[in-house]
Amino acid sequence: MPDEIEEIQRALEKAAEGIKTPQDLQRFKEEFLSRKKGKITSLFKRIGSLPPGERSSFGRRVNQLRELAENLYKKAEKSLKEEGWKEKLRKIIPDPTLPGFHKKIPPLHPISEISHRIEEIFLRMGYDIEDGPEVETEYYNFDALNIPPHHPARQEQDTFFLGKSLILRTHTSPVQIRAMRRRKPPIRIIVPGRVYRRDEADPTHTPMFYQIEGLVVERGISFAHLKGTLETFLKALFGEETRVRFRPSYFPFTEPSAEVDISCPVCGGTDPHCSVCGGSGWIEILGSGMVHPQVLKAGGIDPEEYSGFAFGLGVDRISMLWRGISDIRNHYWNRLDFLEQMK
Ligand code: DAH
């Protein structure tokens, strides 16, 4: 009979060594310590059938065996818990000895890059950056900017109408009015943002594109300020050698108005077959003018006391020039292979 105790002890020790999972641990408990069918319990049950002289020494040995089983069980349970933690830690703490992997971060989108460059130049000149809604009212987008109801720009083929006199803004100019109402002169702002027009997408058109608006309102602002500012800006952006030309033009919200050209940044006016300027040597870059008195009034500013100038430029066009991009739609196709060329 004592042999059986030794046998169970050996089995017990072997089983304890083999505990690797919570299932092993459970099996160990059932096999040896279970009150119903556990091997040690069945030894206890045997005590009653032994000759009285052997009972106490047998009982002592079985008690020791049970203690051993319980200790082995606790030990295995503890080390399983520790293993579990180690495993969890291994998952959350990266192994610094593993080889690293390279995450490709493409350069900035050209629209963002150009916008940032332009913003930086104006920030250096003391301008603030303003913002306005892309869903606009017809009033801010047109009427307040001196664009009457019959004006062709308001027609359905150009504008996305959303109903109830709401539209998608067709230019960033409505923020001129919002800014004048929000701020007091002196006002010096630029407004970068998206604008929308019902144009079929082709190499030079997309129904959504980016503009940057500029507005200055102070006492005594003249056309000379407009010229000086835009020349400084365009030379800072395209290089000191750039020549700037003002041509008379018309916009309902400025009087007088001017379109501004720069000397071709690709051929400098020396190549009669230049694909960028078409051999003319000049590229139209923005619209500008002195803020119309009606527009100042709509912004709540007295045109007798204040004057101002404004300008608007297309970011996509500048990006295309800057990067030699021949199709504007490249900006919106979301292709990594395009972005990766923008280094
Ligand atoms: N809003 C005009 C457009 O989208 C651009 C423009 C021209 C803005 C002249 C101006 C400006 O502020 O003075 O075509």
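Computed from a prediction, not measured in an experiment: that's the story for all the values here. (Residues numbered from 1 in each chain as written. Predicted model: local features only at pLDDT ≥ 70, side-chain atom pairs only at ≥ 80, totals over all residues. Heavy atoms only, no water.)

Asks: Before we move on, could you go through the domain arrangement of the protein chain and cite the residues and values that matter?
Replies: As assigned here, the protein chain comprises domain 1 (2-91) and domain 2 (112-340). For domain 1 versus domain 2, the separation of C-alpha centres amounts to 84 Å. (Domains from an automatic or database assignment.)

Asks: I'd like a description of the pattern of salt bridges, backed by residues and values.
Replies: Tallied over the full model, the rule gives 22 salt bridges. Across the pair glutamate 134 and arginine 194 runs a salt bridge whose closest N-O atoms are separated by 3.7 Å. With glutamate 134 in the loop between strand E1 (128-129) and strand E2 (135-137) and arginine 194 in strand E5 (residues 187-196), this pair connects stretches of sequence that are 60 residues apart. Between arginine 329 and aspartate 327 there is a salt bridge, with the nearest N and O atoms lying 2.8 Å from each other. On the accessibility criterion, arginine 329 (23% relative accessible area) is partly exposed. Connected through salt bridges with shared partners, the residues Arg245, Arg247, Glu259, Asp261 and Glu284 form a single ionic network. (Salt bridge = Lys/Arg side-chain N within 4 Å of Asp/Glu carboxyl O. Helix = DSSP H or I, 4+ residues; strand = E, 2+ residues; numbered from the N terminus. Buried < 20%, exposed > 50% of the residue type's maximum accessible area, 1.4 Å probe, protein only.)

Asks: Please give an account of the pairing of strand E10 (residues 307-314) that cites residues and values.
Replies: A regular strand places its side chains on the two faces of the sheet in alternate fashion. Inspection of the sheet shows strand E6 (residues 208-218) paired to E10 by eight bridges, in the antiparallel sense. Each residue of the ladder has a partner; that of glutamate 218, found in E10, is serine 307. (Pairing = 2+ DSSP bridges.)

Asks: Please give an account of a nonpolar patch on the surface that cites residues and values.
Replies: Residues Trp85, Leu89, Ile92 and Ile93 make up a contiguous nonpolar surface patch of about 470 Å² in total accessible area. The exposed category is assigned to tryptophan 85, whose relative accessible area is 57%. (Patch = residues over 30% accessible without salt bridge, like charges linked within 9 Å, V, L, I, M, F, W, Y side chains within 5 Å. Areas by Shrake-Rupley, 256 points an atom, 1.4 Å probe, with all protein chains shown as cover.)

Asks: Outline the site of the ligand, supporting the account with residue identities and numerical values.
Replies: Taken together, 15 residues lie near the ligand, and His171, Ser173, Arg197, Gln211 and Glu213 sit nearest. One of the side-chain nitrogen or oxygen atoms of arginine 197 is found 2.9 Å away from an oxygen atom of the ligand. Contacts to the ligand include glutamine 211, whose side-chain N or O atom sits 2.9 Å from an oxygen atom. In the complex, 88% of the free accessible area of the ligand, which totals 360 Å², lies under the protein chains. Of all the cavities here, the one that holds the ligand is the largest pocket. Looking at the shell around the ligand, the elements that each hand over two or more residues are E6, strand E9 (282-291) and E10. Looking at the shell around the ligand, its residues break down into four nonpolar, nine polar and two charged. (Near = heavy atom within 4 Å. Polar contact = N/O pair within 3.5 Å; in protein donor to acceptor, adjacent residues only side chain to side chain. 1 Å grid on protein atoms, 1.4 Å probe; cavity = no way out; pocket = protein on both sides within 12 Å on 5 of 7 lines; lining within 4 Å. Sits in = over half its atoms within 2 Å of the grid points. Nonpolar A, V, L, I, M, F, W, Y, C, P; charged D, E, K, R; others polar.)

Asks: So what's going on with the packing of aromatic side chains? Which residues, and what values?
Replies: In total, this model carries eleven aromatic pairs according to the counting rule given. Arranged with centres 4.7 Å apart and planes meeting at 40°, the rings of phenylalanine 122 and phenylalanine 233 form a pair that is tilted. With a gap of 111 residues between them, phenylalanine 122 in helix H5 (residues 110-124) and phenylalanine 233 in helix H8 (residues 223-238) connect regions that are remote in the sequence. Accessibility assignment for this pair places phenylalanine 122 and phenylalanine 233 in one class, buried. When the ring of phenylalanine 251 is compared with that of phenylalanine 253, the centres are 5.8 Å apart and the planes differ by 20°; the resulting orientation is stacked. Classification of phenylalanine 251 by relative accessible area gives partly exposed; the value is 21%. Aromatic ring contacts, followed pair by pair, group Phe122, Tyr127, Phe233, Phe309 and Phe311 into a single cluster. Between lysine 88 and the ring centre of tryptophan 85, over which it is positioned, the NZ or CZ distance is 5.4 Å. Over the ring of tryptophan 282 we find arginine 243, and its NZ or CZ is 5.5 Å from the ring centre. (Phe/Tyr/Trp six-rings, centres within 6.5 Å; stacked < 30°, edge-to-face > 60°. Lys NZ or Arg CZ within 6 Å of the ring centre and 35° of its normal.)

Asks: I'd like to hear about unusual backbone geometry, residue by residue, with values.
Replies: Note the cis peptide between proline 185 and proline 186, where omega equals 5°. When you line up the elements, proline 186 lands in the loop between helix H7 (174-182) and E5. Each neighbour pair has its own omega, and for glutamate 255 with proline 256 the value is -5°, a cis peptide bond. Tracing the sequence through the fold places proline 256 in strand E8 (residues 254-263).

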